[in-house]
Each structure stands twice: as structure tokens, then as C-alpha cells.
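# Coordinates in review
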Amino acid sequence: MSNQNQTDRILVIASARDLSDMIREAVGNTLEVTYAPNQKEGLERARKDLPAIIVLGYLEPQGTAFQLHRRLQEGWITKNIPLLVVDVESADHSQRVLSMEEGLQIEADEYISLQRTDGQASVARLAEPIGRLREKLHTRLRTTVNIVREAILDPDTFCVTWEQVPGRGAFEMQQEELVENARRAARKGRIHAVSVTDNPGGNPAISTEILCTEIRKLGIEPLVHLAFRDKNRNECESVLYGLAALGVRNLLLLTGDYPSSGGFKGRSKPVFDLDSVHGLQLVEMMNGGMEHEAMGKKTTLAPTDFFAGTSVSPFKQSEAELMGQYYKLKKKVEAGAKFVITQLGYDARKLHEVLTWLKVHGYNTPVMSNIYVLPYGAAKIMNANQIPGCLVTDKLLEEVAQEAKATDKGRSARLTRAAKMYAVAKGMGCAGAHIGGHGLTYEMVEDIIGKGEELAKDWKNLVAEFDYPQKDGFYYFERDPRTGLNSETSAPRPAKAGPSPIYEFSRLAHVTLFNPNSIIFKAFKPVAKRLDSSSTLESGFGYFEHLTKVALFGCMNCGDCSLFDVAFLCPMSQCPKNQRNGPCGGSYTGWCEVHPDKKCVWVRAYERLKRHKEEGEIGEYIVPPCNWELMGTPSWLNFYLGRDHSAKRLGIEPPPEKPLPSERDKAKEPKKTPSS
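A brief look at the structure comes next. (Residues numbered from 1 in each chain as written. Predicted model: local features only at pLDDT ≥ 70, side-chain atom pairs only at ≥ 80, totals over all residues. Heavy atoms only, no water.)

### Remarks on the overall build of the chain
- Each helix and strand counted, the chain has 24 helices and 17 strands in total.
- Across its three principal axes, the chain shows a C-alpha extent of roughly 100 × 95 × 50 Å.
- The buried share among the 676 residues of the chain stands at 50%.
- Of all intrachain contacts in the chain linking residues separated by at least 6 positions in sequence, the fraction that spans at least 24 positions is 73%. (Helix = DSSP H or I, 4+ residues; strand = E, 2+ residues; numbered from the N terminus. Buried < 20%, exposed > 50% of the residue type's maximum accessible area, 1.4 Å probe, protein only. Contact = heavy atoms within 4.5 Å.)

Pasting the structure below:
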């Protein structure tokens, strides 16, 4: 439980209320004082209110205070709350909070014994242990400050995270080396967080949540990658609860690579129930105190303290796929992304593009540069697009190939390149560097940081070394000839799209059939309700609808249709990752990561919309995840009857329910007046 959620409140638990009055007088107006007269109410208040300090006095019957103390110290929520035990001695000493034997078995943060006859002297003495407890609480808060949050948000600090890639198996050397790297990073103190990938490449690996929990015990902040490839929304929420309870707070929320074929007996089933935008919304709700309903009663959960970021891929070749990245980034920032880490690329102008885009659009979200120490083998794989989202151009590959001919096989050259990237990223205004690379040791990372800091003062002269444009590559902004980076002037967008008969037909059908203001919509709404009231009619209508939509759109019959959101392209059947809010980062020159012979569905959507000058609609609103309760039901009826997400967004209300005959009869009866 995060101490950040604790309020400036003291909870006094004692049978006699005068102890509460004494505490209130001792602290004045500096703390709020609440009171509980017994064990049951005290425990409930401690768990619900999360006070800064608990004061425990005498409780009836004798021994109750000892029992309560044990429960507080063992409690999942209350075990870290500072405790002051106060004995207000009676004349015959019969009402001690703890007997001598009980006192030997417990550990309170502070203990004080007062005489009831001391009056103001006793009140004054109470201020001392309370003051010490407040300082102890502040010390605990200082030691639990989220260093990553502080570093990324502080403009005078350049945050460094070191990416670790876990492997398959529980007791393998790769896991041992990962933990040892984290241990060394914790000892040296130059790295703010150790980042752990989540089933990289879509391959099964040891759980990132488990590793990050262990890493935190070593004394360094972990950065958990949470990919939505393998988990449905319930599992994501469960994982987040577990991380919050164990004090793991930093998250990188990602779509995730498509599952590989290396799973148990073949490729695993992709989930992609949420996307990164939905994940950020979920975290924001949890941080604000998530509401849920159980047994007809609404409950607000204790707020979490996550610091969540996401990724963006500016290293795209075509206008359509790059614009899709920025439209989706808009949604991510508005959903709650607190920082952004770029995908992997080596074009300084593309990195600067993200910073410029955020500035021009009025966002102050910090950006971290992804710096991968690039050996020749990895460069060849990335150049061949075998690692989705990672871009190495032909020009860069040639340079790395020449470096690999050196006696050290290019080791010093690639470390120097990483240090120069560090310097350029820091100089242009990035908030930090996300450093990774196969076989990277702590000494290498330290070397990159040291050289990068030295070179940072001369960063402008290094920009030209990171000029790796793609053939016919599109940039969001026009080039600034003075710096070699970007101006704040948007570049022309020349891409054109040919006509799509299905799209034009769909637009016409939408205007006539699915416009809430049209005559046809209003006329068909009562018909829709009649069809919905009969399982036979609904089934027949649904069969007709499904056949039509299969022929036109490849419909999956999800019942919560997103055709309106993706230019009448189905993200459930035509996007392997079911992305409803924009493209993933894995496309290459406009083609799908999973099916390279098919154009990315969001590239096609952009081209369709641009023909009508409506491409900006991609970033206009966040599309919620599919409501699987509607699976297999007619989506047209769900729209007309106000059940699906599109209907709710447009404000379509469900039709009023007809009253039962008995209720209609009652409505017709004249109202009785008192005189009658």
C-alpha cells in the first residue's frame, strides 16, 4: 500500500474519549483527529481512512488492545502505519493498555505513560512522540518517493532506464544475469530504473511482474512492461492490483508483439482485449479510486499510485502510417500517459519530431529516447524487418558492417554511437534515455552515460551523424536547415487515395440508415424494438445482417461494431491485433506486421478518410474495448436500441419500456384527493 494515500489524520482508538480530546489539544490544528471507541470500529476506520498515525489507548475488556495491535501489525493495509501506545494511568493502575507480558511481545513505534492528574503537562508531553512519529512518517515517505517519476518530470534531471530481456525458464542463466545486472545498478546509483520486457517477440518468458517485484527488493525502481497481447481486461486489472500492493509503481503500457509460433504446441491465441489507450484509462481510474458495483452496492476502491507511460513509433515511412501514430499518441496522452518512450530508430530528426509534435499540440508529456547498442547481427535482422517496429536503414547497416571489421568487432564504435545518441537526445530536450542491447554489461551502460554527458555540450554538431532518412520517407514537419532537425511548420501531405466503391456505398448507407436525425432511423426504431422482442425475429434478422456484413466487411459478428470508427473497415477481422484506436507500432512501409502481404487496416482507413478531408477523425475520440456481452447479437439492433458503444457516444437512448397491463390500468385511474 502506498504511503502517498495516507492523510494528515490521527486515529485514536480507546474506550475513554478523553484521550482523543488530549490528542486533539496536543496537535492543535496541524492534524485532524478521529476517534473509535472499540476494536471493531477502530480496525474498520484504520483500514478505510488510512490515517497517518494510530494512537492506541486502553480498551475494554482488558487484553483487547493487545489483540487489536496484533491485527494492525499483521494487516495487509495497516501494517505500515506508525503506532503510538498511550497509557493514561488510573489510580489503582488497573486500566493499563498492555500488561507487562503483552508489552514484551509487541513493538510500538512510540510509547508514553501519562498521569490523568497531570492536566496540561500530559498534553504537552504528547506532542513530543507525535512529532517524532510525524518525522518518522516523513522519512518513510522520502524513502518511498518514486525516483523514476521524480527524474522524468524534473527538467534538470536526465532519467536513465536500462532494459532487460527475460528469457524462457525459471532457473536459467539469463534470469540470473538479469537480477545481477539490477543488483549492480542498485549499488552504483547512476541508473534510475531497470526495465523488464513482457514476453518479448511474443515468446513465452518468465513473468515481468515477478521479476520486477524481486528487482524492487534490491533497492532500485523497476519499470514493468505490460503488453496486452496475452491478457484480457480482468487479468490486466488483477496484475495491476498485485503490483500496487507490492509497491511496484512504474508501468510501460504496450500493445505487444503478435504471439510467436514458439509457444506450447504452437502459436498461442492472441488476446488483445485492451489496447494501450484502454490500459492507460484503466490505470487512471485505479489511481483515482476505482468505483465498482457488487451485490447492488457501489464501492470505491483505495486509489493506487501508478506512474504509467507508453510508446510511440515516429520512424515510419509513409504519410498514412506516421499520421496514424500521432493520432493514436493524442489518444494516449489524453487517456493519461505520463511519459513516452520512442520505438527504436536512429534518425535524429524523427526523434525531434515527437518533441515538436507534443509542443505544437500543447502537450508537456516527457519523452525518453530509445537507445539500442547496435551490433551487426541485430542490425541485419532489423534491416530485414524481422523485429517489428525497429528500423535500421540500408545506410546505417552499411556503416555497422564496416565497423564490425575492426579487431573488437565494432564494440567501441557501437558504444560511441550510443553515447552520441544519448548526447543528442539530452541536448534536444528529451527527458531521458531508455538504454538496451544484447549482452550489455553495467560497465558498458556506465560508459555510455559518462561519454554521453561529456558530449552533450556539443550535441548540435552530432545531429548530422544521425541522418538516416528512409526512401521517400514522410516527415510531419518541414526541415529546419539551420539545425538539421524540424521547424514547427507542418509539411505538405501529398498522399492521395483512389475511390473505394464499398466505402462510398457505406457512407451513403450510414447517412440514411444510421443517422439518429434521419427519418428512416426514427421510423425503423420501433421496428427494431419489435424484432428484438422475439428471439425468432432477432435470429432471422441477425442472420441477414451477418451475411451482408460478411460479404462487405468480413464481419466477425462481435455485436459491438467498430466500422464507423475505422472508415468502414472491420478491426476485428482485418487487424490481427484488433486495434480500435489506431495502428500498433509494427507496420512496415504501410504493410501489416503479421500479414506483410496486406496493407495495415489503419493505413487504408487514413487513405479512405483523406479523400473526404476527414482523416483527423481518427484521433477525435477514444473507442472503448469491445463489449463481449453483445457477441453474436445483431449490431444494427444494438445500435438502434442504444446498446453498443457507437450508440452511447451519439447519445441514442434505449426506447422506453412499455408498462405492464396492470400498470397501464393504474395510470388511467383518477388520482384521489384528500377530500375524496
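After presenting the structure, the write-up continues.
### Details of the side chain of D480
- Looking at the element boundaries, D480 is found in the loop between β16 (477-479) and β17 (486-490).
- Contacts of D480, omitting those with residues within four sequence positions, involve L485, N486 and S487.

### Describing the nonpolar core
- Residues I191, L251, Y346, L374, M428 and I435 are the most contacted members of the largest nonpolar core, which totals 113 residues.
- Setting aside residues no more than four positions away along its own chain, I435 makes contact with V160, T161, W162, E163, I371, Y422, L440, V445, I448 and I449.
- In this structure, L19, V55, L84 and V123 belong to the second largest nonpolar core, which totals 23 residues. (Core = buried A, V, L, I, M, F, W, Y, C linked by side-chain atoms within 4.5 Å.)

### Let's talk about the sheet that holds strand β9 (residues 250-254)
- One closed barrel holds the eight strands; their spatial order is β6-β7-β8-β9-β12-β13-β14-β15, and the pairing between them is parallel. Here the average twist between neighbouring strands, direction ignored, is 25°.
- Bridging between strand β13 (residues 340-342) and strand β14 (residues 367-372) involves two bridges; their strand directions are parallel. From the neighbouring strand, V340 faces β14, where its bridge partner is V367.
- The sheet contacts of helix α12 (residues 348-360) involve β12 (307-312), β13 and β14, and relative to β14 the element is tilted by about 170°. (Pairing = 2+ DSSP bridges. Axes fitted to C-alpha atoms, helices over the stretch in contact; angles between N-to-C directions.)

### Re helix α9 (residues 233-245)
- In this model α9 runs 19 Å from its N-terminal to its C-terminal C-alpha over 13 residues, within 8% of the 18 Å that 1.5 Å per residue would give.
- Of the positions making up α9, those classed as buried are C236, V239, L240 and L243. Buried residues of α9, viewed axially, fall in a sector of 100°; they line one side.
- Residues of α9 that are buried in the fold lie against α8 (208-217), β8 (221-227), β9 and α10 (276-287).
- Measuring from the backbone nitrogen of N234 back to the side-chain oxygen at the start of α9 gives 3.2 Å, which picks out N232 as the cap.
- Phi for G247, located one or two positions after α9, is positive at around 80°. (Expected span 1.5 Å × (residues − 1). Arc of directions from axis to C-beta. Polar contact = N/O pair within 3.5 Å; in protein donor to acceptor, adjacent residues only side chain to side chain.)

### Notes on the packing of helix α18 (residues 519-533) against helix α19 (residues 535-553)
- The geometry of α18 relative to α19 is characterised by a closest axis approach of 5 Å and an angle of 115° between their N-to-C directions. In terms of orientation, α18 lies roughly perpendicular with respect to α19. Facing α18, whose interface residues are F524, R530, L531, D532 and S533, α19 presents S535, L537, E538 and F541.
- Taken together, the residues of the contact of α18 with α19 break down into four nonpolar, two polar and three charged. (Parallel < 35°, antiparallel > 145°, perpendicular 65-115°, else oblique. Nonpolar A, V, L, I, M, F, W, Y, C, P; charged D, E, K, R; others polar.)

### Notes on the pattern of salt bridges
- With the rule as written, the count across this model stands at 30 salt bridges.
- Between E319 and K610 there is a salt bridge, and its shortest N-O distance comes to 2.6 Å. Within this pair, whereas E319 is found in helix α11 (residues 319-335), its partner K610 is found in helix α21 (residues 601-611), the two being separated by 291 residues in sequence. For the pair E319 and K610, one class covers both residues: buried.
- Between E504 and R611 there is a salt bridge, with the nearest N and O atoms lying 4.0 Å from each other. Pair noted here: E504 is in helix α17 (residues 501-513) and R611 is in helix α21, with a separation of 107 residues, a long-range link. (Salt bridge = Lys/Arg side-chain N within 4 Å of Asp/Glu carboxyl O.)

### Brief notes about α10
- If you check α10, its first and last C-alpha atoms are 16 Å apart, about what 12 residues at 1.5 Å a residue would give, namely 16 Å.
- Every buried residue belonging to α10 is among S276, V277, H278, G279, L280, L282, V283 and M286, and all of these are buried.
- Those residues of α10 that are buried are in contact with α9, β9, β12 and α11.
- Two to three positions downstream of the cap, the backbone nitrogen of V277 sits 2.9 Å from a side-chain oxygen, assigning the N-cap of α10 to D275.
- Looking at the residues trailing α10, positive phi occurs at G289, about 90°.

### Quick word on a nonpolar patch on the surface
- A surface patch of nonpolar side chains, about 310 Å² in accessible area, is lined by W76, I77 and L246.
- If you trace the backbone, L246 turns up in the loop between α9 and β9. (Patch = residues over 30% accessible without salt bridge, like charges linked within 9 Å, V, L, I, M, F, W, Y side chains within 5 Å. Areas by Shrake-Rupley, 256 points an atom, 1.4 Å probe, with all protein chains shown as cover.)

### Some remarks on the sheet that holds strand β1 (residues 9-13)
- Pairing in this open sheet of five strands is parallel, and the strands run β2-β1-β3-β4-β5 from one edge to the other. With partners counted over all chains shown, the strands left at the sheet margins are β2 (32-36) and β5 (110-115), one partner each. Averaged over neighbouring strand pairs, the angle between their axes works out to 20° when direction is ignored.
- The sheet contact formed by β1 and β2 spans five bridges and is parallel. Each residue of the ladder has a partner; that of V12, found in β2, is Y35.
- Running at roughly 160° to strand β3 (residues 53-56), helix α3 (residues 64-74) makes contact with β1, β3 and β4 (83-89) of the sheet.

### Focus on the state of the cysteines
- A complete count under the given rule lists zero disulfides for this structure.
- No disulfide involves C212; its sulfur sits 14 Å from the nearest other cysteine sulfur, which is in C159.
- Of all cysteine sulfurs, the one in C575 lies closest to C592, which takes part in no disulfide; the gap is 6.6 Å.
- Take C592: its relative accessible area is 14%, and that puts it in the buried class. (Disulfide = S-S within 2.5 Å.)

### Structural notes on the pairing of strand β6 (residues 159-164)
- In terms of burial, β6 is a largely internal element, five of the six residues being buried.
- Sheet topology places β6 next to strand β15 (residues 432-436); four bridges connect them, and they run parallel. Within β15, the position partnered with V160 by the bridge is A433.
- Direction of pairing for β6 relative to strand β7 (residues 193-196): parallel, over a ladder of four bridges. Within β7, the residue paired with Q164 across the bridge is V196.
- Crossover handedness for the path β6 to helix α7 (residues 173-188) to β7: right-handed. (Right-handed = clockwise from strand over helix to strand, strands pointing away.)

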